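Each chain, written out:
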Amino acid sequence: MDITIADSRHIHFSAAISQEIDTSAKVRGTGIARRTPAYIASKIENQQAIIAVDKDKIAGFCYIEVWGQGRYLAHSGLIVFPAYRGKGLAKAIKEKTLIHSQKCYPTAKIFGITTGKAVMKINSQLGYKPVHFSELTDDIEFWNGCQSCKNYDVLIRTQRSMCLCTGMLYQGPSLEEKKQKSKWKQLFSTKKINQ
Ligand SMILES: CC(C)(COP(=O)(O)OP(=O)(O)OC[C@H]1O[C@@H](n2cnc3c(N)ncnc32)[C@H](O)[C@@H]1OP(=O)(O)O)[C@@H](O)C(=O)NCCC(=O)NCCS
C-alpha cells in the first residue's frame, strides 16, 4: 500500500473517488457537499490531497481545503474504499494529511466538523479536541458547503453556532515541536545505549 501526496499520476482516479464519496454518504444517510470528479481532480493537481493506492487500485483519499485567507484548514472527503476498511487505513491517511498540512500551512488552524464515529475517534487520537463552532472559521464559503446536508436547517436556525456535527480543532504539537520531540527521544535512547 502506497500512501502519498496525490499528483497528476492519480487524476484518473477522480471519478471513482467522487462516486465512492457519494455512495458512502447515501449508505450512511447523511447529506454532504457534492465532490465532483473535476473538483477532486483539482485537489490532486494542486497537491492538496493524500491518496492510498494498492497495486494500481484506489484504496483511500482525503483532501485539504483552505479557509479564511489561509488562517484555517479543513480535511475533507475522507474515504476508504470498502475492501480496505477496518485496517487502520483512514487513520494513516489522516495522519499523512495532517503532516502535509502542517508542512504547507504551518500557522493555519486545522479543524473538521463531523458526525462520524470513526472520524471523531481518529481526530481525537491525532490531537484534535471538540470545540464550539465559534472557534472555527467564519468563512461563509465553508458553511455554504453544508447546504446539501439534510440538517442544514438546524445550522441556519442557530445562526451557525451549532448543529449535529461536532466541531474539532487540532490542538496537538506543531511539526517543529514533533521534530524536536523525536530529536530528544533519539538523543535519549542513544545516551541510554552508550551508558
Ligand atoms: C469512516 C472510514 C473512513 C473509516 O475507515 P477505516 O480505514 O475503516 O478506519 P480505520 O481502520 O483507520 O479506523 C480508525 C478507528 O475508527 C474506528 N472505526 C472505523 N470504522 C468505524 C465505524 N464505522 N464505526 C465506529 N468506529 C469505527 C476503528 O475501530 C478505529 O478505532 P481504533 O483506533 O480505536 O481501533 C470508512 O469507513 C469510510 O470511508 N466510510 C465512508 C465515508 C465516511 O464515512 N467518511 C467520513 C466522513 S465524516
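Residues numbered from 1 in each chain as written. Predicted model: local features only at pLDDT ≥ 70, side-chain atom pairs only at ≥ 80, totals over all residues.

Asker: Could you give me a rundown of the nonpolar core, with the residues and numbers involved?
Answerer: Generally speaking, soluble globular proteins have nonpolar side chains that are buried together. A49, C62 and F111 are the most contacted members of the largest nonpolar core, which has 37 residues in total. Setting aside residues up to four positions removed in sequence, A49 forms contacts with A6, K43, I44, F61, C62, Y63 and I64. (Core = buried A, V, L, I, M, F, W, Y, C linked by C-beta atoms within 7 Å. Buried ≥ 20, exposed ≤ 12 C-beta atoms within 10 Å, placed from the backbone. Contact = placed C-beta atoms within 7 Å.)

Asker: Outline the sheet that holds strand β3 (residues 57-67), listing residues and values.
Answerer: Across the sheet, seven strands lie side by side as β1-β2-β3-β4-β5-β7-β6; this open sheet has mixed pairing. Strands at the two margins of the open sheet, each flanked by one partner only, are β1 (2-5) and β6 (128-131). Ignoring strand direction, the axes of neighbouring strands in this sheet form an average angle of 25°. Pairing of strand β5 (residues 109-114) with strand β7 (residues 166-170), which is carried by four bridges, proceeds in the antiparallel orientation. Pairing of F111 across the sheet is with L169, part of β7. (Pairing = 2+ DSSP bridges. Helix = DSSP H or I, 4+ residues; strand = E, 2+ residues; numbered from the N terminus. Axes fitted to C-alpha atoms, helices over the stretch in contact; angles between N-to-C directions.)

Asker: Help me get a handle on the site of the ligand, residues and values and all.
Answerer: Around the ligand, a shell composed of 19 residues is seen, among which S24, R85, A90, G116 and A118 lie nearest. Broken down by secondary-structure element, the contributors of at least two residues to the shell around the ligand are α1 (14-28), β4 (72-80), α3 (89-104) and α4 (117-126). With five residues, α4 is the single largest residue contributor to the shell around the ligand. Of the residues that constitute the shell around the ligand, the class distribution is eight nonpolar, five polar and six charged. (Near = placed C-beta within 6 Å. Nonpolar A, V, L, I, M, F, W, Y, C, P; charged D, E, K, R; others polar.)

Asker: Quick one: what's the story with the pairing of strand β2 (residues 49-54), residue by residue and with numbers?
Answerer: Two strands pair when backbone bridges link them, and β1 and β2 are joined in this way by four bridges, in the antiparallel orientation. Directly across from I5, in β2, lies its bridge partner I50. Strand direction decides the pairing type here: β2 and β3, joined by six bridges, are antiparallel. Counted as the bridge partner of I51 is F61 from β3. Where β2 folds back on β3, the antiparallel hairpin that results is connected by two residues, among which K55 adopts a positive phi of roughly 45°.

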